[in-house]
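Working through the structure, step by step
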Amino acid sequence: MDYFPIFMNVRGQTCLVVGGGAVARRKTEALLRSGASIRLVAPEISVDLQTLVVQKQGELLSRNFQPTDLDGVVLVIAATDDERVNQQVSALAAQARLPVNVVDQPDLSTFITPAVVDRSPVVVAVSSGGKAPVLTRLLKARIESFVPSAWGRLAQLVGGYRNRVKQKLPTLQQRNRFWSDVLQGPVAELALAGQVDQSEALLQKRIEDPSAFSTGAVYLVGAGPGDPDLLTFRALRLLQQADLVVYDRLVSPQIIELIRKDAEKIYVGKQRSEHSVPQPQINQLLLEQAQAGKIVVRLKGGDPFIFGRGGEEIATLAAEKIPFQVVPGITAASGCAAYAGIPLTHRDHTQMVVFVTGHLKDNSVNLDWQPLAHLDATLVIYMGLIGLPVICRELIAHGKDPQTPIALIESGTLASQRVFTGTLATLSAELDQYHVRAPTLIIIGQVVGLKDQLEWFQSRAEQQSGGSAES
Ligand code: SAH
């Protein structure tokens, strides 16, 4: 390491900033966020910087830098575009043994300022030692995206309990285990989800009896339509914490890959014809495993609350007072529409979108056809592959124009995605030659016509056939 990383307490201490432009302003803002008092010196100072310093009761000196400006300060930043001034500030500060930073000039500086991810009281500082600031910024952006913004809230909460835990658990090893457990379990997840009171109550319970069996919880997590990139940050985090993941057929193998390696996985997938695990049994499984203290992730394709029976699964947990959370996912309608280039609403075509299930029961689709055929809406039909001929026939029979555009999207958002388009009158018969397989989503309405103009996702299926042969 070229630099020794430290966090310096400047609260209430005077820090000198030399410079009056945009860079000086950025440095001043950072110092103010840490509670410093500012002395700002420059012959010309931008109006917004002046306002900032005055608002915070700082000293504003509109003149050239002079050596006495260093009196009584604990830290110096030079942010001028005058090389001579920068050198002078650097030399005098060094003489006075004051830490000094000359912006973008490591050779004139005794410290450098890192890129910061602020989740106060947690702060992540990133530096390349001045060698690759852009790389540092990119890394900072990555950290910003995977450290939830509520981490500050969590740190604040547990910070208040450090001493009590210290009294309860005498050795460092015990305490480390305790906190590591707490910070990766329901206490943390409750705090991150904004349920601070419940989180604190659970934390207190754990502190009262640290050796007690840890509390289980169930997270009903939407895995999105298939492309793992479409998972939410929260979904990914929970997959990496789970003791047990209960998943079904629609969850893509790439997403299963992201589950913590030593987690147990149970497949309860329902094939269309054979229900491998009946719903009441799944409900019972989730309940028992959570009662046994496990962190259970119930992973479902798309969004758990859209044709996902998510409500039924958590009703049992709610009745038994098991902590649970629901993590939304991108539903197939949004995922498939986006990846097929079909906007579900469009000001020129339709202002309404309806999601229905086209599931066959006793060889018919049990839908209220009359309003569906007459609504000026985009119709999105889940589970409609087998029922497709019935769906098209009934819509036409109830008055929908046989020329209405329709799209069927197979394995939407995945590399194997295929999109077939046609009209209500023709699509069903045209599909026979393509051996289409579930999962598929049907979109009916004028918006389907926008696909040729808006499609952007080139799936592997299309690349192999040299274009979208099916459309
Ligand atoms: N909860 C899920 C839907 C479950 S019902 C969600 O919000 O998406 C199962 C149906 O979802 C399938 O029959 C199919 O119609 C649709 N579906 C799910 N993933 C799909 C995908 N990748 N491509 C096409 N359709 C999909």
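Residues numbered from 1 in each chain as written. Predicted model: local features only at pLDDT ≥ 70, side-chain atom pairs only at ≥ 80, totals over all residues. Heavy atoms only, no water.

**As for the overall build of the chain**
Counting its secondary structure elements, the chain contains 19 helices and 19 strands. By its C-alpha atoms, the chain is 90 × 60 × 40 Å across when sized along the principal axes. Within the span of the chain, comprising 471 residues, buried residues form 45% of the whole. Excluding contacts between residues fewer than 6 apart, the proportion of contacts in the chain whose partners are at least 24 apart in sequence is 64%. As presented, the chain carries roughly 24700 Å² of accessible surface, and 52% of it is formed by carbon and sulfur atoms. (Helix = DSSP H or I, 4+ residues; strand = E, 2+ residues; numbered from the N terminus. Buried < 20%, exposed > 50% of the residue type's maximum accessible area, 1.4 Å probe, protein only. Contact = heavy atoms within 4.5 Å. Areas by Shrake-Rupley, 256 points an atom, 1.4 Å probe, with all protein chains shown as cover.)

**Things to note about the pattern of salt bridges**
On inspection of all chains with the given rule, the structure shows 22 salt bridges. Among the salt bridges present, the one from Glu144 reaches Arg119, with a minimum N-O distance of 3.1 Å. Of this pair, Glu144 sits in helix H4 (residues 133–146) while Arg119 sits in strand E6 (residues 115–119); the two residues are 25 residues apart in sequence, bridging distant segments of the chain. For Arg119, a relative accessible area of 10% corresponds to the buried category. In this structure, Arg260 and Asp243 form a salt bridge, with 3.4 Å as the shortest nitrogen-oxygen distance. Of this pair, Arg260 sits in the loop between helix H11 (253–256) and strand E10 (264–267) while Asp243 sits in the loop between helix H10 (233–239) and strand E9 (244–247), and the two are 17 residues apart along the sequence. (Salt bridge = Lys/Arg side-chain N within 4 Å of Asp/Glu carboxyl O.)

**Details of the sheet that holds strand E16 (residues 378–382)**
Spatially, the five strands line up as an open sheet ordered E13-E16-E19-E17-E18, and their pairing is mixed. Each end of this open sheet is capped by a strand with a single partner; those strands are strand E13 (353–357) and strand E18 (418–423). If you compare each strand with its neighbour and ignore which way they point, the axes differ by 20 degrees on average. Pairing geometry for strand E17 (residues 405–410) and E18, over six bridges, is antiparallel. In the sheet register, Leu408 faces E18, and the bridge partner there is Phe420. Those strands touched by helix H14 (residues 332–340) are E13, E16, E17, E18 and strand E19 (440–444), and its axis lies near 75 degrees from that of E19. (Pairing = 2+ DSSP bridges. Axes fitted to C-alpha atoms, helices over the stretch in contact; angles between N-to-C directions.)

**Examining the side chain of Ser90**
Note that Ser90 resides in helix H3 (residues 83–95). With near-sequence residues (within four places) excluded, Ser90 lies in contact with Val100, Val102 and Leu108.

**Comments concerning the state of the cysteines**
Each disulfide consists of a covalent bond between the sulfur atoms of two cysteine residues. Taken as a whole, this structure holds zero disulfides when the rule is applied. Take Cys336: it sits in no disulfide, and the sulfur closest to it among the cysteines is that of Cys392, at 17 Å. (Disulfide = S-S within 2.5 Å.)

**Points about the site of the ligand**
Within the structure, the ligand sits among 18 residues, and Asp303, Ile306, Thr331, Met383 and Thr440 are positioned closest to it. Within the backbone of Ala332, one N or O atom sits 2.8 Å away from an oxygen atom of the ligand. One of the backbone nitrogen or oxygen atoms of Thr440 is found 2.6 Å away from an oxygen atom of the ligand. Here the ligand, which alone exposes 550 Å², has 93% of that area covered by the protein. Listing elements by their share of the shell around the ligand, those giving two or more residues are H14 and E19. (Near = heavy atom within 4 Å. Polar contact = N/O pair within 3.5 Å; in protein donor to acceptor, adjacent residues only side chain to side chain.)

**Examining the nonpolar core**
Membership of the largest hydrophobic core comes to 24 residues, with the highest contact counts inside it found for Leu395 and Ile444. Residue assignment for this core shows that the elements contributing at least two residues are E13, helix H15 (369–374), E16, helix H16 (388–397), E17 and E19. Residues within four places of Ile444 in sequence aside, it is in contact with Ala377, Thr378, Leu379, Ile381, Ile391, Leu395, Lys400, Thr404, Pro405, Ile406 and Leu424. Membership of the second largest hydrophobic core comes to 20 residues, among which are Tyr247, Ile295, Val297 and Leu299. (Core = buried A, V, L, I, M, F, W, Y, C linked by side-chain atoms within 4.5 Å.)

**Focus on the pairing of strand E7 (residues 122–126)**
In terms of strand pairing, E6 meets E7 through five bridges, oriented antiparallel. Paired with Asp118 across the bridge in E7 is Val123. Following E6, the chain reverses through two residues before pairing antiparallel with E7.

**A word on the environment of Leu367**
Of note, Leu367 is situated in the loop between strand E15 (364–365) and H15. With 80 residues separating them along the chain, Leu367 and Leu287 place their C-alpha atoms 34 Å apart. Apart from the residues lying within four places of it in its own chain, the contact partners of Leu367 are Val356, Thr357 and Leu372.

**Here's the deal with the sheet that holds strand E5 (residues 100–102)**
If you trace the five strands from one edge of the open sheet to the other, you get E3-E2-E1-E4-E5, paired in parallel fashion. Looking along the sheet, the strands with just one partner apiece sit at the ends: strand E3 (59–61) and E5. Here the strands of the sheet are splayed against their neighbours by 15 degrees on average, with no regard to which way each runs. Of the pairings in the sheet, the one linking strand E1 (residues 14–18) to strand E2 (residues 37–41) comprises five bridges and is parallel in character. Among the inter-strand pairings, Thr14 is bridged to a residue of E2, identified as Ser37. Each of E2 and E3 touches helix H2 (residues 47–55); the most contacted strand, E3, lies at about 145 degrees to it.

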